[in-house]
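Here is how the chains run, residue by residue.
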Amino acid sequence: MTILCRCENIETSEGVPLFVTGVAQVKIMTEKELLAVACEQFLGKNVQDIKNVVLQTLEGHLRSILGTLTVEQIYQDRDQFAKLVREVAAPDVGRMGIEILSFTIKDVYDKVDYLSSLGKTQTAVVQRDADIGVAEAERDAGIREAECKKEMLDVKFMADTKIADSKRAFELQKSAFSEEVNIKTAEAQLAYELQGAREQQKIRQEEIEIEVVQRKKQIAVEAQEILRTDKELIATVRRPAEAEAHRIQQIAEGEKVKQVLLAQAEAEKIRKLGEAEAAVIEAMGKAEAERMKLKAEAYQKYGDAAKMALVLEALPQIAAKVAAPLTKVDEIVVLSGDNNKVTSEVNRLLAELPASVHALTGVDLSKIPLIKKATGAQV
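By convention here, each chain's residues receive numbers from 1 onward along its written sequence. In keeping with the predicted nature of the model, local features appear solely for residues at pLDDT of at least 70, side-chain atom pairs appear and are counted solely at 80 or more, and the whole-chain, interface and lining totals rest on all residues. Side-chain metrics rest on all non-hydrogen atoms present in the structure, leaving aside hydrogens and water.

An unreviewed UniProt entry annotates the chain as Flotillin of Galeopterus variegatus. The Subunit (unreviewed entry) field of the UniProt record for the chain holds the comment "Heterooligomeric complex of flotillin-1 and flotillin-2 and caveolin-1 and caveolin-2. Interacts with ECPAS." UniProt positions are given in the numbering used here, feature names are shortened, and annotations may be inferred rather than shown by experiment. Entered under Sequence similarities (unreviewed entry) in the UniProt record, the comment concerning the chain runs "Belongs to the band 7/mec-2 family. Flotillin subfamily."

Next comes the structure, spelled out in structure tokens:
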């Protein structure tokens, strides 16, 4: 239930009559015991009767509280005033089974212009304080303005310095960024070229693999062609050649056997001849030894005569050896004067020499062309 409380011309603790209007929100309590109390108090009454009972209770407490407060307390702190009313009235209405949900001061005014005078005084105070505040504000504003100007200049100088530092840092950073961009651009260009080279390498590798595959296929075809050609050669050349080679090999083996047999026969012949010649030589050696033995015995028996005979026997061989170079001489010319006897002596010597040599050695020098021409002998 909403209850509107009006207290008119109620004096405060300072004797200032006030008109106060408040609004309360109340309800019947629902707890069993309190509900029984409310039934006992209000059973048979309508809602308006209930509102009147509550209204009178609230207005009584409102009047009593207004008499204990000043106008300023009531006007300036309405919430505290309403709270105080609610706290004082709550036990009384509670004993009737009523609960105050809220209580607020709606309006406070008077008819003696106290509040307006209070407002004017406050306004004058406020105006005075405002003027003072304006003056102080202007003073402070001037001081503050100077300080602000100084701070502004300081800040400006610091800002200029920071701007210069920032500009320098910006330029340095810009240079660093430019350098980094150039480096990244160069790296990107190199990476692009490297990637292009890699792609070209991959393409070349693929081409090489294709060529390798083609070459393998070509080699396989060539291998098949070689096998076919080999089989054709085997059929047309190798087989006949092998047959011919086998025939020639058989002939060669037969010829080899023949030559071996002939060689063996020749060897056997030579061996037999060697054995025969050895036997002959052995017999001749034995005969010569016997002859030499007999000669030695004869030489020993006859002494100087045997030695002379041995010398004479060797002279033909000596003379033959001496005369051998003369067989290669066609003619000898001897020159001399009219009274020189060399020519006649030589002629005589040459005429007598063949007969002497023949007598001593048995060698006929007249058969030598040079001696024959020199002596004029006739064969």
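So, next bit.
S.K.: Provide a residue-level description of the overall build of the chain, including the pertinent values.
M.R.: When you go through the chain residue by residue, the secondary structure sums to eight helices and three strands. Among the 379 residues that make up the chain, the fraction classed as buried is 15%. Residues count as neighbours in contact if any of their non-hydrogen atoms are within 4.5 Å of one another. The long-range fraction of contacts in the chain, counting pairs at least 24 apart against all pairs at least 6 apart in sequence, stands at 64%. Surface exposure of the chain reaches about 28300 Å², of which carbon and sulfur atoms provide 59%. Each helix is a run of DSSP H or I of at least 4 residues and each strand a run of E of at least 2, with the numbering of both proceeding from the N terminus. Only protein chains enter the accessibility calculation, which uses a 1.4 Å probe; a residue whose area is less than 20% of its type maximum is buried, one above 50% is exposed, and one in between is partly exposed. For every accessible area listed, the method is Shrake-Rupley and the probe measures 1.4 Å; residues are considered covered only by the protein chains on display.

S.K.: If you had to explain the packing of aromatic side chains to someone new, which residues and values would you point to?
M.R.: Here the aromatic set is Phe, Tyr and Trp, taking the six-membered ring for Trp, and pairing holds for ring centres within 6.5 Å; pairs whose planes are under 30 degrees apart are stacked, those over 60 apart are edge-to-face, and all others are tilted. This model, assessed by the stated rule, comprises one aromatic pair. Judged by centre distance (5.1 Å) and plane angle (5°), the ring pair of Phe19 and Tyr109 falls under stacked. Here the residue Phe19 occupies a position in strand 2 (residues 17-28), and Tyr109 occupies one in strand 3 (residues 98-109), the gap between them amounting to 90 residues. For Phe19, a relative accessible area of 9% corresponds to the buried category.

S.K.: Please provide a residue-by-residue account of the packing of helix 2 (residues 47-66) against helix 4 (residues 78-94), values included.
M.R.: Axes, fitted as lines to C-alpha atoms, cover a helix only where it is in contact. Angles between the N-to-C directions of the axes lie from 0 to 180 degrees. Their axes nearest at 9 Å, the elements helix 2 and helix 4 cross at an angle of 135°. Considering their axes alone, helix 2 and helix 4 lie oblique with respect to each other. Judged by the sense of rotation from one axis to the other, the crossing of helix 2 with helix 4 is right-handed. Across from Thr57, Leu58, His61, Leu62, Ile65 and Leu66 in helix 2, the residues of helix 4 making contact are Phe81, Leu84, Val85, Val88, Ala89, Asp92 and Val93. Residue composition of the contact of helix 2 with helix 4, by class: ten nonpolar, two polar and one charged. What sets the label is the angle itself: under 35 degrees gives roughly parallel, over 145 gives roughly antiparallel, 65 to 115 gives roughly perpendicular, and the rest give oblique. Note on convention: the crossing is left-handed when the near helix lies turned anticlockwise from the far helix by less than a right angle, right-handed when the turn is clockwise. Under the scheme applied here, ten amino acids are nonpolar (Ala, Val, Leu, Ile, Met, Phe, Trp, Tyr, Cys and Pro), four are charged (Asp, Glu, Lys and Arg), and all others, including Gly, are polar.

S.K.: Help me get a handle on the sheet that holds strand 2, residues and values and all.
M.R.: Within a sheet, each strand pairs with its neighbour through backbone hydrogen bonds, oriented either parallel or antiparallel. Strands qualify as paired when DSSP identifies two bridges or more between them. One open sheet accounts for three strands, arranged 1-2-3; its pairing is antiparallel. The open sheet has two free edges, formed respectively by strand 1 (2-11) and strand 3, since each of these has just one partner strand. For this sheet the average axis-to-axis angle between neighbouring strands, irrespective of direction, equals 25°. Bridge analysis of strand 1 against strand 2 gives eight bridges, and the strand direction is antiparallel. Residue pairing for strand 2: Glu11 is matched across the bridge by Pro17. Of the strands in this sheet, strand 1, strand 2 and strand 3 are in contact with helix 2, which crosses strand 1 at around 35°.

S.K.: Can you tell me about helix 4, naming the residues and giving the values?
M.R.: To estimate the expected span of a helix, count its residues, drop one, and scale the result by 1.5 Å. For helix 4, which comprises 17 residues, the first-to-last C-alpha distance of 23 Å matches the rise-based estimate of 24 Å (1.5 Å per residue) to within 8%. For helix 4, the set of buried residues is Phe81, Ala82, Val85, Ala89, Val93 and Gly94. As for helix 4, its buried residues are in contact with strand 2, helix 1 (32-42), helix 2, helix 3 (71-76) and strand 3.

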